Amino acid sequence: MAIAKGTRLAHYEVMALLGMGGMGEVYLARDTRLDRKVALKLISEEFMRDTSRLHRFEQEAKVASALNHPNIITVYEIGHTEDQHFIAIEYVEGETLRKRINAGQLPLRDALDIAKQIAAALAAAHDANIVHRDIKPENIMVRPDGLVKVLDFGLAKQTERRAGADANAETSSNLKTDPGTVMGTPHYMSPEQARGVDVDARTDIFSLGAVLFEMVTRRTPFEGETGSDLIAEILKTEPPPIDRFVSGAPAELQQIITQAMRKRRELRYQSAREMVIALKAIKHELKYRSSEFEPRTPLPRTETDAQTAEFATQVFDQPTRSQRTAIETKITPPVARAFSRPAIRWGLGIVALAAILAVGGYFFRAKPMLSGRDTILLADFVNQTGDPVFDGTLKQALSVQLGQSPHLNLLPAERVRETLKLMSRSPEERITREIGREICLRRNLKALLIGTITKLDGNYSVTLEALNSQTGETLTSAYAEADGRGQVLKALGKATRELREELGESLVTIRKFDVPIEQATTSSLEALKDFSAGVELRGKGEVLRAISLFKSAVEKDDRFALACLQLGVSYRDLRQVATGNKYLEQAYLLRDRVSERERLEITATYFRHITGEWDKRLEASMLLTQTYPQDARAFHLHGNTYLIAGQYEKAAAAYREALRLDADYELSRSNLALALIKMGDPDKAAEALAQSPSRNAEFSSIHNRLYLIAFLRQDEAGMRQQIAWFAGKRDEYQIAEFEAWTHAYSGRLARAVEYFQEAANRADAAGLVAEKVRILGNKANTLALFGSLGPARDEARRALALLEANHLDARDLLPTAIQPLEAQPLGWTFALCGDEVAARALAEKLVDQIPHDTVNRHLWQPAIRATLELWRDNPSDAIQLLQPASEYESTGFFGVIWLRGQALLKMKKGPEAAAEFHKILDHRGWNVFSPIWPMAHLGLARAAAISGDLASARKAYGDLFVLWKDADPDLPLLLEAKREFAKLR
C-alpha cells in the first residue's frame, strides 16, 4: 500500500511514489536534517517476514555503503521504524542505460565514456573485494551531465582476501556460491555464472563487455528462445563480430569487447583497471578520426519508461510491464508522455534558431578562438585593492584553474624568465600588459591574459581579459563579483569558467575539469600567498627558501595538497628523501582535493617514489598525456616512467613529444639523451644535447650525460671537462661516483674504492646522508663482485650500521632522479659474500619496507635468493628464482642476467650460458658503468671452453685482458682468468 505524501519515516518526509519493484516501493523523499532529496527504498510487508529477502535487502545496503566512488550510487543510511525497513540512497536525476539504448543509436564516444565510467566503478568495488554480479543496462543510470552511476548491489557479494594477498589483486579470490545456483541476468551472465560455479571480479568484466556490445549494436551478444538456450549460447558460442551489425566499427573496439568476453576468464582483462586503460586509449585514438557508425539494420524503438519511474524500479528490482504502466500513469503527466525526446530537441532547436536570426546575426560576429595547440601568456594580476594578500596569489590560483583545461596551454614560468633574460630584463620583473605583449611576440604566442581585481564599498570585482598579442585587441573577457574578501577565489573561479567557454573550450571539458579554485588550492588567501611565493622561489632554484614558505602554507591549511606536493619534491631535490616522502604521502591522501592534472601528477609521483609500482605509475602518466595532449610536462613524466621501466624507445618518443611542445625543456632533452645512450646510440645522444636552442648547460643531468658519452667514446679530455664543471657544486659527489665506476669498469678496484669513499665524503659534507649510505653500499657491492669478499662484508656492515643509525629504509637509498647511478641492495652484497643469515634478513626487511616495489619484487629479491642458491650449489633452483626478472632485464640491473649465466655455467650448459653473457655484451648502454659488462667477457670465455670452442674462448679472454690492461695486478678475478687462459694452450 502506497504511503501518502508528507508521511514521515524517521527524519525523511515522503514527497512522491517513484516506483514499485519485486521487493517493495521506492519513494522520493526529503532529508529534513540535511535538506536534500533522497530515494527511499522500502521493503514490502509480505517480505518483512521472509528472512532471506530481508537479508538481501540489508545486504544491498551494507555492500553498497562500503563503496565510495563518484560512479557508484551513494547509500546514506539503512534504518527502520516500528513497521518499516528502508534504505536511504542518493537520488539520481537521469535515465537508465536501457532507456538510452532503446532511444536510438548511442554515439561511439558516449558509449566508450559510459563503459569507462562503469569500469572505473567496478575497479573501486573490486578494490573493496566486492563483485557486483549483475551488471546490465537496467542497473546503470546516466545523469544529464553524462555522469554514470552503477546501482543495485543486491546480488553483490564480498570476497575473502587471502592472507598476505596483494590489496590490488582484484581477481585473487573467488566468490563462493551454492553449487548450481545461477545469479545474475541471463543476457549478461558470464560462463561461470551460467554454470553456477564460483565467480570473481572478472565476471563483472564479462558482463560489462556484453553491455558495451549492446550499446554499440543495440542487441545483446547472445540470443535464445528459452533460458536454457541462452545459457547454452553463453557457454558454447562466441559473440558475433560487431561489424556484422554496424558499419565502420573500429577494430580496436572489437578487440576490447573480445578480450572482455573471453570464455576463459584468465584470458579476459584481469582487472577492471586494465579495461579502463584500454577504453581511455581507444577514446584518445579515435579523437582525431571519424568514429561514428550506423546500424546495418535499423532496430525498432521499444517503449521507454518515465525517467523517475526507471530510476526507482529498473535500478532496484525489475517490475512487470503492468507495474510500469501503473507507475507511469500515476507520476507522468499525459501531455509530457506525448512528446518524445527527439521531438523536444527539434522544437527547441527551431525556437533557438528563430531567436538567433531575430537579433540580426549579432552573435555571428567573428571572434578569434584559441585552438588546443595555442599557448597563452599569463600576466601578473593588476591589484587595485591595496591589499597585498592578492599580490601573486590570484595569478597562481588562475594558473592552477586554467591548468585544469586540456584546451588551454600556459607558457611555463621558467620560459617566461628565460625570455626576460633575452630581453635584457630582470627575471623577477612583473609581467605587465606591455612586457607581456613583447614576450608573446618573441615566443610567437597568440594571446595574453590579464587579470584585474578592484574593490568598491566592501565588494570586489574580478575581470579577466584575453588580448590578441599581435594587435592588442581584446579577444574576449569575463567578469565576476565577490561579496567580500573571502569570496574572491570563488568569483575568480566563476570568471575563469566563463573565459574558458569564450575561448572556445567545450562545455563537456569545462564541466569535467572544473574543480573549484578553493578546493584545487586552498580557501586561505594567506596560505595561497605563501604557496605562490614558494613556487616562484623554487622556480629560481632557491629551494630552501621555497620550503619554508611551503611549510608555512601547510601550517595555515593542513589540507593544502599542492603545497604538500611541492614540499615533497623540494625535499627530494635536496636528497632529503625520507622527509620528502612524508609530504608526498600526505599529498596522495589529499589527491581528491586537486584538479585532474595535479591529481594524476601526484598519483604518478606516489607510485614512483613511495610504492615503486611501475604499472600504476604508467597508468597515471599515460592518462596524463591522454588528458592533456598539449602539455610538455605530461610527456616528460610519461617518458620518465618508460625510462625507469627499461622501455627506452617509448621513453625517447615521449621526450621528443615533450620537446616538440616545448623546445627549451632541458630536462626532457637530457633524459632523451640518456634514453638514446641506453639504446646504444651515444652519437644521437650527443646530437640531441647539441640541439638545445638556448644551449643552457646549467643542469647537472646534462653534464653527467656528456660524461657518459665521453666515457663511451674513450674521450679522456671530454671526461675531464665534465669533472671540471662539477667542481665546487652541490652535486660534485656525483662526478666522484662516476669516476669510481669508471675505475671499476677498467678493473682498477683500489682506485674505485678510493673514489667511492671520496664521493661518500662529499655527499656527507653536503648533508646528504642517504646518498652517502647508498654510495658506501655500492662500494661494498663492487668489492664483492670482484671477489674481495672479506673487505666487501666489512664495508657492507658499516653501511648497514650507518643506515640503521639514521633510521633510513630502502626507499632512501634509491637514486632520487633519473640518472645513471647504481643502487645495489646490501642484501645482495651479503649474498655475494656467502653470508646467508644477513642476506635473508635484509631480503625480508626489503619485503616489509617496500612490499609492492617493482625493482624489489622482480629484480632484488630474485637476485639475493638466487645468489644464495648458487652458494648452495643449486643452479637449477637459482634459474627458477630468476624467472620474474626476465621481463625487467633491460632496466640495467645486469646482475640478474649475470647470475643466470653463472648458474648455467655450473650446469655445464655452455651455449645457454653464452647466450646470457651475449645479452649483456649486446646491450652495454643499459648500464654504461657496470663492471659486470667486462666480466661478461670472462663468462663468455668460460662458456666457450665448456662447449669445446677454444678459439672463441681465447678471443673472449683476450677481450677481457684488453679491457683490463690497466687493472690492479693482484685483482682476484683477473688472476683467475689468466690461470684459466693458460690452461687453454
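Quick notes on the rules
- Residue indices begin from 1 for each chain and proceed along its sequence in written order.
- Reporting in this predicted model follows two pLDDT cut-offs: at least 70 for local features of residues, and 80 or more for side-chain atom pairs to be given and counted; totals over whole chains, interfaces and linings ignore these cut-offs and use all residues.
- In computing side-chain values, all of the structure's heavy atoms are included and hydrogens and water are not.
- Numbering goes from the N terminus for both helices and strands, where a helix is a DSSP run of H or I of at least four residues and a strand is a run of E of at least two.
- What a helix is expected to span follows from its residue count: subtract one and scale by 1.5 Å.
- Partly exposed describes any residue whose relative accessible area lies between the buried limit of under 20% and the exposed limit of over 50%, with all areas from a 1.4 Å probe on protein chains only and scaled to the type maximum.
- The contact definition used throughout considers only heavy atoms, calling two residues in contact when any of these lie within 4.5 Å.
- Put simply, two rings from Phe, Tyr or Trp (the six-membered ring, in Trp's case) pair if the centres are within 6.5 Å, and we call them stacked under 30 degrees between planes, edge-to-face over 60, tilted for the rest.
- Each ring is checked for a lysine NZ or an arginine CZ that lies within 6 Å of its centre and within 35 degrees of its normal; such an atom marks a charge sitting over the ring.
- One requirement defines pairing of two strands: DSSP has to find at least two bridges between them.
- Salt bridges are identified by distance alone: a Lys or Arg side-chain nitrogen within 4 Å of an Asp or Glu carboxyl oxygen.

Undergrad: What exactly am I supposed to notice about helix 22 (residues 561-573) here?
TA: Side chains three or four residues apart in an α-helix point the same way, a direct result of the helix having 3.6 residues per turn. Spanning 13 residues, helix 22 covers 18 Å between terminal C-alpha atoms, matching the ideal 18 Å at 1.5 Å per step. Within helix 22, eleven of the 13 residues are buried, which leaves the element mostly enclosed by the surrounding structure. Taken together, the buried positions of helix 22 are occupied by Ala561, Leu562, Ala563, Cys564, Leu565, Gln566, Leu567, Gly568, Ser570, Tyr571 and Arg572. The inward-facing, buried residues of helix 22 abut helix 14 (393-403), helix 19 (517-520), helix 20 (525-539), helix 21 (543-556), helix 23 (577-589) and helix 24 (596-609). A positive backbone phi angle near 65° is found at arginine 575, which sits one or two residues after helix 22.

Undergrad: Teacher, can you tell me more about the packing of aromatic side chains here?
TA: The relation between two aromatic rings is expressed through the spacing of the ring centres and the mutual angle of the planes. Evaluation of the coordinates by the stated rule reveals 26 aromatic pairs. A centroid spacing of 5.8 Å and a plane angle of 75° characterise the contact between tyrosine 12 and phenylalanine 86, whose relative ring orientation is edge-to-face. On the criterion of sequence distance, the pair formed by tyrosine 12 in strand 2 (residues 12-20) and phenylalanine 86 in strand 6 (residues 85-90) is long-range, its members being 74 residues apart. The class of phenylalanine 86 is buried, set by a relative accessible area of 1%. Judged by centre distance (5.6 Å) and plane angle (35°), the ring pair of phenylalanine 786 and tryptophan 964 falls under tilted. Of the two residues, phenylalanine 786 is situated in the loop between helix 34 (769-785) and helix 35 (789-805) and tryptophan 964 in the loop between helix 44 (950-963) and helix 45 (972-983); the sequence distance between them amounts to 178 residues. Put simply, the rings of Tyr707, Phe711, Phe738, Tyr745, Phe929 and Trp933 touch in pairs and so form one group of aromatic residues. The ring centre of tryptophan 725 lies 4.2 Å from the NZ or CZ of lysine 729, which sits over that ring. Geometry around tryptophan 933 places arginine 924 over its ring, the cationic atom sitting 5.1 Å from the centre.

Undergrad: I would appreciate a short explanation of the pairing of strand 17 (residues 447-456) in the present structure.
TA: Two faces make up the sheet, and in a regular strand the side chains alternate between them. Direction of pairing for strand 14 (residues 375-378) relative to strand 17: parallel, over a ladder of three bridges. By the bridge assignment for strand 17, leucine 377 is matched with leucine 448. Relative to strand 17, strand 15 (residues 382-383) runs parallel, the two being bridged by two bridges. Counted as the bridge partner of asparagine 383 is isoleucine 453 from strand 17. Across ten bridges, strand 17 lies against strand 18 (residues 459-468) in antiparallel orientation. The residue bridging isoleucine 453 from the neighbouring strand is valine 462, located in strand 18.

Undergrad: Sorry if this is basic, but what is going on with the pattern of salt bridges here?
TA: Here the idea is simple: oppositely charged side chains can pair when their charged atoms come close. A complete count under the given rule lists 59 salt bridges for this structure. Notably, a salt bridge pairs glutamate 465 with arginine 433, separated by 3.3 Å at the nearest N-O pair. Here glutamate 465, found in strand 18, pairs with arginine 433, found in helix 16 (residues 433-443); they are 32 residues apart in sequence, far enough to count as distant. Residue classification places arginine 433 among the partly exposed residues on the basis of a relative accessible area of 37%. For glutamate 737, the salt bridge is made with arginine 774, and the minimal N-O distance between the two is 3.0 Å. With a gap of 37 residues between them, glutamate 737 in helix 32 (residues 732-745) and arginine 774 in helix 34 connect regions that are remote in the sequence. Members of the salt-bridge network, linked through shared partners, are Arg415, Glu418, Arg443, Asp662 and Asp664.

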